[in-house]
Structure formats: C-alpha cells, structure tokens
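# Understanding the architecture of this molecule
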Amino acid sequence: SQTIHQWPATLVQPVGSPLSLECTVEGTSNPNLYWYRQAAGRGLQLLFYSVGIGQISSEVPQNLSASRPQDRQFILSSKKLLLSDSGFYLCAWSEAAGAFEQFFGPGTRLTVL
Amino acid sequence: QKEVEQDPGPLSVPEGAIVSLNCTYSNSAFQYFMWYRQYSRKGPELLMYTYSSGNKEDGRFTAQVDKSSKYISLFIRDSQPSDSATYLCASSKGGGNKLTFGTGTQLKVEL
C-alpha cells in the first residue's frame, strides 16, 4: 500500500529564516505530487504540483519554491520566510495521468514569528 | 466568485442525527466530485467520490451530485461523535486535472 510522509510535523521559525519541508511517498512510482497551504477559513490553496522529476508548476507567485530531486520526493523551500507564510502545509500525491483522487500527508504546521 | 463554495459552519448536531453538508460550484466543466474528512491538525482523507450526477452510498455516508443546479451534498446518517471533523468538498474536470476545494464545513456531533 502507498504511504506519504511529511516532516517536520511542527516548525517555528523567525521571519527572514530559510525553510525546507520534505515530503516522500512510498509504494508507488512516478506519482503526481502537490504542495498545498491551508489557512484558517480559507481552504486549501494549491502552491505547486509536479508530474515528474525536475518538473514543477507554480500556481501562486510568492517567496516559496519547490523541487523534486527524486521520483517520490518533493521539497518546499524558502530563502526568507515572511509572517504571511505561517500555515498548515500539506503534501499530496495522485497516480499519474488519468487519476483525479489525491491522497494527503499528515501536514506540517509552520509558525513564523 | 470562488469556483467551489462551502458554508464554513460550524454545524453542531446531536448524536444520531442526519447531517447534510453542501457545496455549490460554478464551473460546468467539473465532472468529478469528492468529499474529504479532516480531523483537527491532520491531513484530509478521501471519504468518497462521484462522477457526474447521481448518488453514491458507502455505509452511513451518501454523496449526491446535481449537475443541473451545480449542487454537491454529503449526507451522514446516524451521526457519531467520531464524525466530528471538517468536511471539504472538491471538484475536478477529470483525470490529471487539479482539484478545486471548498473552504470546508466544521461539524461537531455532540453526545
């Protein structure tokens, strides 16, 4: 069966510090991968998605970036965090072409102070 | 206008009640409709999905889509305290396309 991992689970960072959140998927090959941010009362906002290694599509211009160095690894980064970057970050995967169901990881709660 | 609208609640019901959760959408191209359940501080989990119009039942849960009115519903029968969570509806144009989520409805089932 497939599993998705995210770490860290919780993170508190000062404004202006860098960020690296990691997501890995097990039990599947060549998944589509997604990064979402969930803010209170605002639902899930798609930040990035990837259909393959090195292939990243950005949905929302911001100071975040994503990378996919390996087939089942997805990384969310920032060089300098802003207060507005606080939120609950979720990674999700879906099967490649033809699938619409997405499966989510446990999330990372980021607080920027 | 958001493509998928959902009343944020909170919705509070007594144990055993029938719960009705609803979403509306504006994009006629949406073909797949999903419901996710999210417990506090956890990632969303897929509850069920439907394709186009119609009903789908899974245990105490029934998903209903009316494409003519662009209305999505989730019914929970015999609600339990363990059903207390935020319920997110989502829609997609089809395989390989992105999901568009509603903001979620917070449900509390009280003893």
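Residues numbered from 1 in each chain as written. Chains lettered and ligands numbered in written order. Predicted model: local features only at pLDDT ≥ 70, side-chain atom pairs only at ≥ 80, totals over all residues. Heavy atoms only, no water.

### Quick look at the overall build of chain A
As a reminder, the rule being used: The numbering of helices and of strands both runs from the N terminus, where a helix is a DSSP run of H or I of at least 4 residues and a strand a run of E of at least 2. Atoms counted for the radius of gyration: C-alpha only. Globule rule: 2.2 Å times the number of residues to the power 0.38. Here's how the labels work: a residue is buried when its accessible area is under 20% of the maximum for its type, exposed when over 50%, partly exposed in between, all with a 1.4 Å probe on protein chains only. Residues count as neighbours in contact if any of their non-hydrogen atoms are within 4.5 Å of one another. Using a 1.4 Å probe, the Shrake-Rupley method yields the accessible areas, and only the shown protein chains count as cover for residues. His is not counted here, nor are the chain ends, while Lys and Arg score as positive and Asp and Glu score as negative. All charge positions are set by atom: Lys at NZ, Arg at CZ, Asp at CG, Glu at CD.
Broken down by element type, chain A carries 0 helices and 11 strands. For chain A, whose C-alpha radius of gyration is 13 Å, the value lies close to the compact-globule estimate of 13 Å for 113 residues. By its C-alpha atoms, chain A is 40 × 25 × 20 Å across when sized along the principal axes. Expressed as a percentage of the 113 residues in chain A, the buried residues total 47%. Long-range contacts, defined here as pairs at least 24 residues apart, represent 55% of the contacts in chain A between residues at least 6 apart. Accessible surface, chain A: about 5200 Å² in total, of which carbon and sulfur atoms supply 54%. A gap of 12 Å separates the mean positions of the 7 positive and 7 negative side-chain charges of chain A.

### What about the packing of aromatic side chains?
Between two aromatic rings, the relevant description is the distance of the centres plus the angle of the planes. Under the convention used in this document: Any pair of Phe, Tyr and Trp rings, taking the six-membered ring for Trp, is counted once the centres come within 6.5 Å. Such a pair is stacked with planes under 30 degrees apart, edge-to-face with planes over 60 apart, and tilted for the rest. Here, over-ring charges are defined by two tests on the NZ atom of lysine or the CZ atom of arginine: distance to the ring centre within 6 Å, and angle to the ring normal within 35 degrees.
Counted by the stated rule, this structure contains 12 aromatic pairs over all chains. Aromatic side chains A:W93 and A:F103 sit 5.2 Å apart centroid to centroid with 35 degrees between the ring planes, which places their arrangement in the tilted category. Here the residue A:W93 occupies a position in strand β9 (residues 87-94), and A:F103 occupies one in strand β10 (residues 103-104), the gap between them amounting to 10 residues. Connected via pairs of aromatic rings, a cluster forms that spans A:Y34, A:Y36, A:Y49, A:F104, B:Y36 and B:F101. The ring of A:F88 carries A:R109 above its face, with NZ or CZ at 4.5 Å from the centroid.

### Details of the pattern of salt bridges
Note the cut-off: Each reported salt bridge corresponds to a side-chain nitrogen of Lys or Arg within 4 Å of a carboxyl oxygen of Asp or Glu.
If you walk through the whole model with that rule in mind, you get 6 salt bridges over all chains. Between B:K98 and A:E59 there is a salt bridge; the shortest N-O distance is 3.2 Å. Pair noted here: B:K98 is in the loop between β9 (85-92) and β10 (100-101) and A:E59 is in the loop between β6 (55-58) and β7 (64-70), and the two residues belong to different chains. The exposure class of B:K98 is partly exposed, given its relative accessible area of 33%. Looking at A:E59, the relative accessible area reads 32%, which means it is partly exposed. Residue B:E57 is joined to B:R77 by a salt bridge in which the shortest nitrogen-to-oxygen separation is 3.4 Å. With B:E57 in strand β6 (residues 54-58) and B:R77 in the loop between β8 (71-76) and β9, the pair connects residues that are 20 residues apart, well separated along the chain. According to the relative accessible area criterion, B:R77 is partly exposed, its value standing at 30%.

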